[in-house]
Amino acid sequence: MTESPATKPANGDVCQRVKNGLKPERNGLLKSLHRCHERQSKHHCHPEEEEEVHAASPHDSLYSRPFVESFEETPMLVAVLTYMGYGILTIFGYLRDFLRHWKIERCHIAREKEEQKDFVPLYQDFENFYTRNLYMRIRDNWNRPICSVPGAKVDLMERASHDYNWTFEYTGRVVRDVINLGSYNYLGFAENFGPCADSAAEVTTKYGVGVASTRQEIGNLDRHEEMEKLVAKFLGVESAMAFGMGFATNSMNIPALTGKGCLILSDELNHASLVLGARLSGSTIRVFKHNNMQSLEKLLREAIVHGQPRTHRPWKKILIVVEGIYSMEGSIVRLPEVIALKKRYQAYLYLDEAHSIGALGPRGRGVVDYFGLDPRDVDVMMGTFTKSFGAAGGYIAGKRELIEYLHSHSHSAVYATSMSPPVVEQIITSMKCIMGEDGTTIGRDRVRQLAENTVYFRKRLREMGFIIYGNEDSPVVPMMLYMPAKIGAFGREMLKRDIGVVVVGFPATPIIESRARFCISAAHTKEMLDRALSVISEVGDLLQLKYSRHRIQPSMARPFDDNMYEDIDD
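In this text, all values refer to a predicted model and were calculated from it rather than measured experimentally.

Trainee: What exactly am I supposed to notice about the sheet that holds strand β17 (residues 502–504) here?
Mentor: In sheet architecture, strand pairing relies on hydrogen bonds along the backbone and comes in two forms, parallel and antiparallel. With antiparallel pairing, three strands are arranged side by side in an open sheet as β15-β18-β17. For this open sheet the edge positions go to β15 (476–482) and β17, each flanked by a neighbour on one side alone. Ignoring strand direction, the axes of neighbouring strands in this sheet form an average angle of 25°. As paired elements, β17 and strand β18 (residues 514–519) share three bridges and run antiparallel to each other. From the neighbouring strand, V502 faces β18, where its bridge partner is R517. Seen against the sheet, helix α13 (residues 442–464) touches β15 and β18 and runs at an angle of roughly 20° to β15.

Trainee: Before we go on, may I ask you to explain helix α4 (residues 222–235) in this structure?
Mentor: Since the α-helix advances by 3.6 residues per turn, residues separated by three or four positions end up pointing in the same direction. The first and last C-alpha atoms of α4 sit 20 Å apart over 14 residues, in line with the 20 Å expected at 1.5 Å per residue. Residues of α4 that are buried include every one of R223, H224, M227, E228, L230, V231, A232, F234 and L235, and no others. Tucked inside the fold, the buried residues of α4 contact α3 (195–207), β7 (239–243), β12 (380–384), β13 (394–398) and α12 (421–435). Backbone geometry just after α4 places G236 at a positive phi near 80°.

Trainee: Quick question: what am I supposed to make of the confidence of the model for the protein here?
Mentor: Interpreting fine coordinate detail is not advised for predicted regions of low pLDDT. Here the protein averages 87 in pLDDT, while 84% of its residues score no lower than 70. Every residue in residues 1–56 scores below 50 in pLDDT, and together they form 137 contacts with partners more than four places removed in sequence or on other chains. Residue range residues 566–570 is modelled with pLDDT below 50. Its contacts to residues more than four positions away, or to other chains, number six contacts.

Trainee: For this particular structure, what's the right way to read the pattern of salt bridges?
Mentor: One side chain can pair with another of opposite charge once the charged atoms of both are near each other. A full pass over the atoms with the stated rule returns 31 salt bridges. The closest approach of N and O atoms between E493 and K496, which form a salt bridge, is 3.2 Å. Of this pair, E493 and K496 both sit in helix α14 (residues 484–496), three residues apart, which is roughly one turn of the helix. Overall, K496 belongs to the exposed group, its relative accessible area being 62%. With a closest N to O distance of 3.1 Å, R497 and E538 form a salt bridge. Taken as a pair, R497 in the loop between α14 and β16 (499–500) and E538 in helix α15 (residues 526–543) lie far apart in primary sequence, 41 residues in all. A residue is classified by how much of its surface remains accessible, and E538, at 42% relative accessible area, is partly exposed. Residues participating in the shared-partner salt-bridge network are R96, D97, R100, E105 and R132.

Trainee: Quick question: what am I supposed to make of the pairing of strand β10 (residues 317–323) here?
Mentor: Most of β10 is tucked away: six of the seven residues are buried. Direction of pairing for strand β8 (residues 262–267) relative to β10: parallel, over a ladder of five bridges. Across the sheet, the residue bridging to S266 is V321, located in β10. Sheet topology note: the β10/strand β11 (residues 348–352) ladder contains five bridges and is parallel.

Trainee: Please explain the pairing of β11 as it appears in this structure.
Mentor: For a regular strand, side chains alternate in direction, first toward one face of the sheet and then toward the other. Across the five residues that make up β11, a large majority, four, are buried. Following the backbone out of β10, through helix α8 (residues 335–344) and into the adjacent parallel β11, one traces a crossover that is right-handed. Pairing of β11 with β12, which is carried by three bridges, proceeds in the parallel orientation. For Y350, the partnering residue across the bridge sits in β12 and is V380.

Trainee: Help me understand the nonpolar core in this model?
Mentor: Nonpolar side chains in soluble globular proteins tend to be buried together. If you look at the biggest cluster of nonpolar residues, it comprises 111 residues, and the most contacted ones within it are F385, F457, L461, M479, F490 and F518. The biggest single contributor to this core is α15, with eight residues. The contacts of F457, once residues within four sequence positions are left out, are L181, V477, F518, I520, L529, L533 and I536. Of all hydrophobic cores here, the second largest spans 18 residues; its members include M241, A278, M382 and I403.

Trainee: Would you mind showing me how to read the packing of α14 against α15 here?
Mentor: Packed helix pairs are characterised by how far apart their axes lie and by the angle those axes make with each other. One way to put it is that α14 packs onto α15 with a least axis distance of 10 Å and a crossing angle of 140°. Taken together, α14 and α15 sit at an angle that is classed as oblique. As α14 runs across α15, the sense of the crossing is right-handed. Seen from α14, the contacting residues are K486, A489, F490, E493 and M494; seen from α15, they are V535, I536, V539, L542 and L543. Of the residues that constitute the contact of α14 with α15, the class distribution is eight nonpolar, no polar and two charged.

Trainee: Honestly, the sheet that holds β16 in this entry has me stumped. Any pointers?
Mentor: Strand order in the open sheet formed by three strands is β5-β6-β16, and the pairing between neighbours is mixed. Two strands in the sheet have a free side with no partner beyond their single neighbour: β5 (153–160) and β16. Sheet topology places β5 next to strand β6 (residues 169–180); six bridges connect them, and they run antiparallel. Across the sheet, the residue bridging to R159 is Y170, located in β6.

Trainee: In this structure, what is going on with the packing of α3 against α12? I would like to understand it.
Mentor: With their axes 8 Å apart at the nearest point, α3 and α12 run at an angle of 145° to one another. When the axes of α3 and α12 are compared, the crossing they make is right-handed. Between α3, through P195, C196, A197, S199, A200, V203, T204 and Y207, and α12, the contact on the second element is made entirely by P421, P422, E425, Q426, T429 and S430. Partitioned by chemical class, the residues of the contact of α3 with α12 number eight nonpolar, five polar and one charged.

Trainee: Would you explain the packing of aromatic side chains in this entry?
Mentor: What describes a pair of aromatic rings is the distance from one ring centre to the other and the angle between the planes of the rings. Applying the stated criterion across every chain yields a total of 15 aromatic pairs. Judged by centre distance (5.5 Å) and plane angle (80°), the ring pair of F457 and F518 falls under edge-to-face. Of this pair, F457 sits in helix α13 while F518 is found in strand β18, placing the two residues 61 residues apart along the sequence. Taken together, the ring pairs in this structure connect Y63, F67, Y370 and F371 into an aromatic cluster.

Trainee: What's the story with a nonpolar patch on the surface in this structure? I'm lost.
Mentor: On the surface, I88, I91, F92, L95, F98, W102 and I104 cluster together to form a nonpolar patch covering roughly 790 Å² of accessible area. Tracing the backbone through its elements, the reader meets I88 in helix α1 (residues 76–101).

Trainee: Any chance you could explain α12 here in plain terms?
Mentor: Taking 1.5 Å of rise per residue, 15 residues should cover 21 Å, and α12 covers 21 Å from first to last C-alpha, within 8% of that figure. Most of α12 is tucked away: 13 of the 15 residues are buried. G436, located one to two residues past α12, shows a positive phi value of around 85°.

Definitions and cut-offs
- Residues numbered from 1 in each chain as written.
- Predicted model: local features only at pLDDT ≥ 70, side-chain atom pairs only at ≥ 80, totals over all residues.
- Heavy atoms only, no water.
- Pairing = 2+ DSSP bridges.
- Helix = DSSP H or I, 4+ residues; strand = E, 2+ residues; numbered from the N terminus.
- Axes fitted to C-alpha atoms, helices over the stretch in contact; angles between N-to-C directions.
- Contact = heavy atoms within 4.5 Å.
- Expected span 1.5 Å × (residues − 1).
- Buried < 20%, exposed > 50% of the residue type's maximum accessible area, 1.4 Å probe, protein only.
- pLDDT = per-residue confidence, 0-100.
- Salt bridge = Lys/Arg side-chain N within 4 Å of Asp/Glu carboxyl O.
- Right-handed = clockwise from strand over helix to strand, strands pointing away.
- Core = buried A, V, L, I, M, F, W, Y, C linked by side-chain atoms within 4.5 Å.
- Parallel < 35°, antiparallel > 145°, perpendicular 65-115°, else oblique.
- Left-handed = near helix turned anticlockwise from the far one by under 90°.
- Nonpolar A, V, L, I, M, F, W, Y, C, P; charged D, E, K, R; others polar.
- Phe/Tyr/Trp six-rings, centres within 6.5 Å; stacked < 30°, edge-to-face > 60°.
- Patch = residues over 30% accessible without salt bridge, like charges linked within 9 Å, V, L, I, M, F, W, Y side chains within 5 Å.
- Areas by Shrake-Rupley, 256 points an atom, 1.4 Å probe, with all protein chains shown as cover.

Shown next as structure tokens:
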């Protein structure tokens, strides 16, 4: 875990010991330091209380509250067995390719035509090999069709495969009331009843579903204008603009902000939309280690000292690109330190709050609210409406000059069709609910409930002995599976017990870091979470997934910070 001094015991000494040397890791701190919690009556370390932590950051004064993250190392035996598993699958894959070559086994996947064998290949050989020999074995865990609102529970259409996952057939049966731990429905606004659904239905009657034009032509509705003003007010900035697709918000706007002669400093675990946007911009891209402020500062210093390659001219612009919550790691950006570095080296900051907006902070206003920072310190604030707001699309917010520039230079703003009116109304209604402008406390209660559910769910999983990644306040909860065979097995066994989960493996994650990713929602009741935790523990015992060597005792878990969510007047 990573700790600031606020998380250390008020009395007594802290016992530390080095194990297997000092190894720089995820947060640019020392991963092999272990902290032993001291009991009041004794002043020595207890092995059963040993818990893996990162060393404290040198910028602790920037944090006003505990910042606790956990990234336990992969056990050596598990890592070896995981590599062996992929090795065996690869060997059998080449054997099956040999059989397919001689027409002994049929291959269903797309292949180059014989008459095009001398052309530049359309399909990457290794990716094609991975798809037909590894991914197909567990393909049934993805693209499962649902036939209900993606709320706390969902209904799934049952399907079966008679050719080893090459094709699927629907059985006609619906699996009902599956507890949903996979959707990004953080605040529970993805629902077909209540004020959001009623408002969307009313607006559909008045405006219809489609706009059939771009914003610059005749597709700019009064509801679009109201939504953007509300987003700016919600974030505490001068202006904002909305886009119809979250992915395109990143990939189409970063090229409008930077270009040749500019430098982009990107976190190594940034989302694919950020990576694509950076590449499309034509800027020079340098990657720093995940959430590692030493790595980021080193790149900033080198950029200032050396300038552009060959010419050594100063960079036209240096843009730091980070996310609020990293969707595969569950970690939260060290925003106070990033802002401090940005100011020191006069760089610009692009913050992607796709997962953190609505899900973090006492007022649900994202990672800036979570750390109690000034939103004006973030040059470009990006977020999506697809998660906490239960809608679609994304936004860019900041100074008025920035938004006016993007109105005429962003490809997504100039060429994309306007957002659908019922989607816009869903955003407006849910955002007013979070802000309390609907005259109720529903929004504030949901933000608080999400925080409570997150702390409870993470605490219980760690007590059971699972390896959990990320920040203790992050509603994205990755649980490590590691071995390729356990990716499919975990998803199937959970679904048999009416729990829907998302499993992720290579190439979306490093080859030995396959995982299940749970997304916690304010709509989950304690009974639902307890039922899910019971099933996870049962399946974890069945598949031997409780890898943690530092199982914590229930009394050691950090309690929910009740004071953080007191009533706040805007």
